[in-house]
Amino acid sequence: MSKILIFAGTTEGRKLSEHLCERGIEHTVCVATEYGEIVLHENPFAHVHMGRMDSEGMRSFFAEQKCKLIVDATHPYAAIVTENIKQAVYAFNEAHAVTDNQADSSISENIEYVRLKRDTDISADYDNIRYFEDNEACAKALNNTDGNILLTTGSKELSVYCKTSDVRERLYVRVLPGLESISLCMHNDITGKHILALQGPFSTQLNEALIDQYDIRCLVTKKSGAAGGFIEKIAAAKNKNIPVYIVGQSVQDDGMSFEAVCEYIDSKYNKLHIMLAGIGMGNDACMTKAVSDAIESADIILGASRMIEKYSAKIDKKPYYLAEQIIPYLYEICADTEKISNVLILFSGDTGFYSGSRKLYLAIKNEIVEGKLNADVSILPGISSVSYMAAAVGETYNDAYICSIHGVKLSNITSRISHHAKTFMLMSGVKDVNMLGHLLSSDERYGLQKCSVTVGYQLSYPDETISQLSPQECTKLKREGLYICMIKNHNPVAKNVTPHIRDAEFIREKVPMTKEEIRHVSICKLHLKSDSVLYDVGSGTGSIAVEVASLSDDMEVYAIEQKENAVQLIMQNKEKHGLENIHVINAKAPDGMDTLPVPTHAFIGGSGGNIKEIIEALKEKNPHIRIVINAISMETICEIKEILSAYDVKNEDIVQLQVSRSKQIGHYHLMQAENPVWICSFEF
């Protein structure tokens with residue numbers, strides 16, 4: 001990006017920096033003192049250089065900063081500084097002039113100089129004013145006055161007014177609250193309450209208060225313009241009926257107004273306007289007018305090939321749709337914002353509905369916030385395939401379950417459909433429709449063979465078709481293209497929200513199983529969420545894994561078991577209950593856990609003597625994991641006690657459960673006791 005350098009020294013210079021920060025335009029502000037640095041607000045787009053420079057120092061600094069534009073916002077009375085800046089710009093441009101034989105070489109372009117002028121031509125509606133050509137003439141006149149003097153001309157010319165003790169002792173000097181200003185006051189024997197170290201702007205009321213507080217009989221100022229508080233000084237002096245001594249006539253400050261400089265920079269150093277837009281189904285007739293207008297005004301169009309092929313951009317278009325492609329390209333074109341302003345990135349359907357726009361939006365936004373990209377970013381929505389499909393068949397979708405298998409793996413599809421009367425499902429292609437048909441037609445658990453499937457093909461395109469098919473008919477479709485399905489389930493089953501599976505529903509052999517009541521309490525102690533990731537360590541028959549996985553289709557359960565026969569049982573129970581969100585790991589924990597996703601919860605039903613190692617591994621995977629341990633033997637209980645003592649834990653809870661079951665003997669029901677079980681739960 002072209003570099004802008006502001007030589008600040010006035011309120012306008014600071015305001016210009018604030019304006020550029022708001023626009024996201026990177027720049028450097030040069031200030032003479034540490035106080036100048038302090039009053040500038042910290043911002044990633046504004047860099048501050050503190051210290052005075054002569055003409056040669058400026059020239060070197062221009063080269064170092066690779067400047068393209070210098071804005072001289074110094075005080076109108078700082079004529080020497082302005083002259084130094086002009087000389088440095090001229091010398092730099094002379095040294096880097098492009099000659100005929102250098103025309104093909106890489107040489108910096110000329111630096112542009114802009115003077116930001118302060119309007120000092122303000123009439124003073126007050127009769128008791130005297131004008132002086134310079135500070136010396138004003139100081140001489142003050143010798144013939146009586147009473148205290150409020151000097152508001154700054155600290156640089158202070159020595160002129162301190163040559164005679166008569167004037168010096170009557171001076172109250174208003175200066176900036178910086179070390180340099182105060183040091184100059186001290187050097188000229190202005191001390192204590194005679195130093196008014198304040199930062200403006202000053203209202204008329206504050207000026208009046210200072211006049212009253214220090215019994216001021218004469219106010220000395222420069223004709224510094226509205227931004228310098230000139231009007232308020234005159235008004236206060238008039239209200240208090242004291243004379244005003246004005247140093248210098250109106251300065252002829254050739255240059256541009258603050259508004260003109262802002263407008264000029266905005267047009268020349270414009271930032272990128274990045275728009276992410278949903279084009280809807282594909283037919284231009286379904287596109288919103290806002291998106292259509294954005295395409296019409298786009299300098300650059302980006303997106304997948306099929307999205308952008310029929311549109312024309314003013315400058316260029318690229319088949320980019322991933323952040324790793326787009327962000328480097330944005331950096332590249334940022335250097336040419338004089339030509340490029342509007343960048344449009346197209347997405348199919350609606351940007352807020354199973355779209356890649358959200359990920360890209362966050363990536364671009366992060367680059368902007370960190371100050372790496374001079375741009376703004378916004379989103380225009382489109383019409384989604386679900387909205388179009390629902391309208392086409394006269395249905396609503398606010399009461400439907402909506403999911404997508406477009407480029408993603410979705411577990412427990414039949415389970416999801418079974419709990420809803422209406423499901424909209426986005427497809428990748430005809431194979432997904434075939435797969436859906438096979439799942440529905442072969443389902444015996446939920447009775448989904450009787451579902452009706454409305455299949456939308458190439459919605460909004462000339463070859464659009466919408467058909468109502470049986471699951472079996474879905475398996476026979478062959479035409480490739482864009483599909484969406486609406487599944488009507490005439491007998492939806494309400495989903496269980498608590499553990500509910502009876503022991504008799506599990507396939508069992510001579511493998512330990514956590515019994516029903518203990519299982520239900522243990523699961524409740526886990527405090528699971530709908531999208532939790534659970535490690536079921538020592539899974540046995542998989543009763544915990546199956547029970548948990550059945551509570552939410554978005555839950556992921558990893559059943560870790562070392563015994564081969566137990567692994568086979570888990571697989572059988574997983575298949576019996578139709579739970580694709582169970583992943584069986586044949587390993588002795590903590591082995592086999594390294595490559596698994598980070599767990600949010602863990603249940604330990606069997607440890608194989610490795611409980612300490614398992615706990616340590618779980619803590620390393622997730623320091624905030626919630627753990628539930630079941631123990632039957634005293635040895636395991638002792639190990640749990642050691643673990644709780646060795647780690648810093650919270651929400652510790654230990655209960656002992658003993659369940660008795662009724663057993664019918666003849667005409668009587670007698671209670672038969674099960675082994676007591678300890679249930680320990682905690683978080684690190």
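Residues numbered from 1 in each chain as written. Predicted model: local features only at pLDDT ≥ 70, side-chain atom pairs only at ≥ 80, totals over all residues. Heavy atoms only, no water.

### Let's talk about the layout of surface pockets
Phase 1 of the analysis: For the second largest pocket, the calculated volume is near 1,200 Å³.
Phase 2 of the analysis: Secondary structure elements with two or more residues in the lining of the second largest pocket: helix 13 (305–308), helix 14 (323–334), strand 15 (342–347), helix 15 (357–369), strand 17 (401–404) and strand 21 (483–488).
Phase 3 of the analysis: Grouping the amino acids of the lining of the second largest pocket by side-chain chemistry returns 22 nonpolar, 13 polar and six charged. (1 Å grid on protein atoms, 1.4 Å probe; cavity = no way out; pocket = protein on both sides within 12 Å on 5 of 7 lines; lining within 4 Å. Points joined across faces, edges and corners; volume = space filled by probe spheres on them. Helix = DSSP H or I, 4+ residues; strand = E, 2+ residues; numbered from the N terminus. Nonpolar A, V, L, I, M, F, W, Y, C, P; charged D, E, K, R; others polar.)

### Some thoughts on the side chain of H194
Phase 1 of the analysis: Its place among the elements puts H194 in the loop between helix 8 (179–187) and strand 9 (195–197).
Phase 2 of the analysis: Leave out the neighbours within four places in its chain, and H194 touches E169, L171, Y172 and V173. (Contact = heavy atoms within 4.5 Å.)

### Side note on the confidence of the model for the protein
Predicted coordinates in areas of low pLDDT are best not read in detail.
Phase 1 of the analysis: With 93% of its residues at a pLDDT of at least 70, the protein reaches an overall mean of 88.
Phase 2 of the analysis: Low confidence marks residues 99–108, where pLDDT is under 50. Its contacts with residues over four positions away, or in another chain, come to six contacts. (pLDDT = per-residue confidence, 0-100.)

### Thoughts on the packing of aromatic side chains
Phase 1 of the analysis: On inspection of all chains with the given rule, the structure shows nine aromatic pairs.
Phase 2 of the analysis: Considering the side-chain rings of F132 and Y245, the 5.1 Å spacing of their centres and the 50 degrees angle between planes classify their relative orientation as tilted. With F132 in strand 6 (residues 129–132) and Y245 in strand 11 (residues 244–247), the pair connects residues that are 113 residues apart, well separated along the chain. For the pair formed by F132 and Y245, the shared burial category is buried.
Phase 3 of the analysis: Aromatic pair Y172 and Y214: ring centres 4.9 Å apart, planes at 35 degrees, arrangement tilted. One end of the pair, Y172, is in strand 8 (residues 171–175); the other, Y214, is in the loop between helix 9 (204–213) and strand 10 (216–222), and 42 residues separate them in sequence. There is no split in this pair, since Y172 and Y214 are both buried.
Phase 4 of the analysis: An aromatic cluster of three or more residues is present, and its members are Y647, F682 and F684.
Phase 5 of the analysis: Sitting over the ring of Y245, R130 keeps its end group 5.3 Å from the ring centre. (Phe/Tyr/Trp six-rings, centres within 6.5 Å; stacked < 30°, edge-to-face > 60°. Buried < 20%, exposed > 50% of the residue type's maximum accessible area, 1.4 Å probe, protein only. Lys NZ or Arg CZ within 6 Å of the ring centre and 35° of its normal.)

### Section: the environment of G481
Phase 1 of the analysis: Relative to the assigned elements, G481 resides in the loop between helix 19 (471–474) and strand 21.
Phase 2 of the analysis: Measuring from C-alpha to C-alpha, the distance between G481 and F506 comes to 42 Å, with 25 residues separating the pair along the chain.
Phase 3 of the analysis: In this view, G481 contacts S428, G429, V430, Y457 and Q458; residues no more than four positions away in its chain are not counted.

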